[in-house]
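Overview (structure and organization)
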Amino acid sequence: MSSHGYVSAGAKVDQKVLQYEQFINDVLRRDLKKVLEQRDEVYEKISQYLQLKNTIQSLQESGSQRLKMDVDLGCNFYVQAEVEDSSLIFVAVGYGFFVEMTYVEALRFIDKKTSQLTAFTEQLTKDSAKIKANIRMVLEGLRELQGLMDLPESRRDVF
């Protein structure tokens, strides 16, 4: 009878192990992937704003109002365009809205927007670290359940 209880306890442990593994794969790893993708999108926005900032600074230094450029009409189909007066530009401010600004206004907006986005990426980085810590904690719990030896203390990435 005691061997029957041992088999039942082992089956319960195996069931718990499967539940924890499923939780890691279905919840934690998915959440981590989502947070990292969101952070990458924010980094891309920061990159675009910094590229615009460099372009504006180049225009200011050149002092020329006329500007020749390639304009994307969609599907990577470009045409050459000439801007007669580039003293005012339209800047994407979010949610599909564009605002007409002077160079000075645009530079001030870009500085505020990039600092705001940078703070957001820092929060996303902290969130990803918490998720990685949760994954590691669940993995440690699984090792305890299965009676495996401890992991070496060397630092390793979860992915």
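For the structure, check the block above.
Numbering of residues starts from 1 in every chain and runs along the sequence as written. Since the coordinates come from a predicted model, pLDDT governs what is reported: local features require at least 70, and pairs of side-chain atoms require 80 or more to be given and counted, while whole-chain, interface and lining totals use all residues. Hydrogens are left out, water is left out, and the side-chain values use all remaining heavy atoms of the structure.

**Some points on the packing of aromatic side chains**
Definition in use: Between 30 and 60 degrees the pair is tilted, below 30 it is stacked and above 60 it is edge-to-face, where a pair is any two Phe, Tyr or Trp rings, Trp via its six-membered ring, whose centres lie within 6.5 Å. The secondary structure listing takes helices from DSSP runs of H or I that are at least 4 residues long and strands from runs of E that are at least 2 residues long, numbered from the N terminus.
Enumeration over the complete set of coordinates arrives at one aromatic pair. Taking the centre distance of 6.0 Å and the plane angle of 70° together, the rings of Tyr-49 and Phe-109 count as edge-to-face. Here the residue Tyr-49 occupies a position in helix 1 (residues 2-62), and Phe-109 occupies one in helix 2 (residues 103-146), the gap between them amounting to 60 residues.

**Re the pattern of salt bridges**
Rule in force here: A pairing counts as a salt bridge when a side-chain nitrogen of Lys or Arg comes within 4 Å of a carboxyl oxygen of Asp or Glu. Burial here depends on accessible area, computed with a 1.4 Å probe over protein chains only, as a share of the maximum for the residue type. Under 20% is buried, over 50% is exposed, and the range in between is partly exposed.
Tallied over the full model, the rule gives four salt bridges. Two residues, Asp-31 and Arg-30, come together in a salt bridge whose shortest N-O distance is 3.5 Å. Overall, Arg-30 belongs to the partly exposed group, its relative accessible area being 45%. The closest approach of N and O atoms between Glu-37 and Lys-33, which form a salt bridge, is 3.9 Å. In this pair, Glu-37 and Lys-33 both sit in helix 1, four residues apart, roughly one turn of the helix. A residue is classified by how much of its surface remains accessible, and Glu-37, at 41% relative accessible area, is partly exposed. By relative accessible area, which is 52% here, Lys-33 ends up exposed.

**Some thoughts on the layout of surface pockets**
For clarity, the cut-off: Any residue with an atom within 4 Å of a point lines the site, the site being either a cavity, points on a 1 Å grid over the protein atoms alone where a 1.4 Å probe fits but cannot get out, or a pocket, an open set with protein on both sides within 12 Å along at least 5 of 7 lines. Grid points are joined across faces, edges and corners, and a volume is the space filled by probe spheres set on the points. In this classification, the charged set is Asp, Glu, Lys and Arg, the nonpolar set is Ala, Val, Leu, Ile, Met, Phe, Trp, Tyr, Cys and Pro, and all remaining amino acids, among them Gly, are polar.
Considering only enclosed or pocket space, the largest pocket measures out at about 490 Å³ in volume. Lining the largest pocket are 17 residues, and of these Lys-45, Gln-48, Tyr-49, Leu-52 and Ala-92 lie nearest its centre. For the lining of the largest pocket, the secondary-structure elements that each account for two or more residues are helix 1, strand 3 (88-94), strand 4 (97-102) and helix 2. Ranked by residues supplied to the lining of the largest pocket, first place goes to helix 1 with six residues. Here the residues of the lining of the largest pocket sort into 10 nonpolar, five polar and two charged. Size it by volume and the second largest pocket reaches roughly 280 Å³. Sorting the residues of the lining of the second largest pocket by element identifies helix 1, strand 1 (67-72) and strand 3 as the ones contributing at least two each. Taken together, the residues that form the lining of the second largest pocket break down as nine nonpolar, two polar and two charged.

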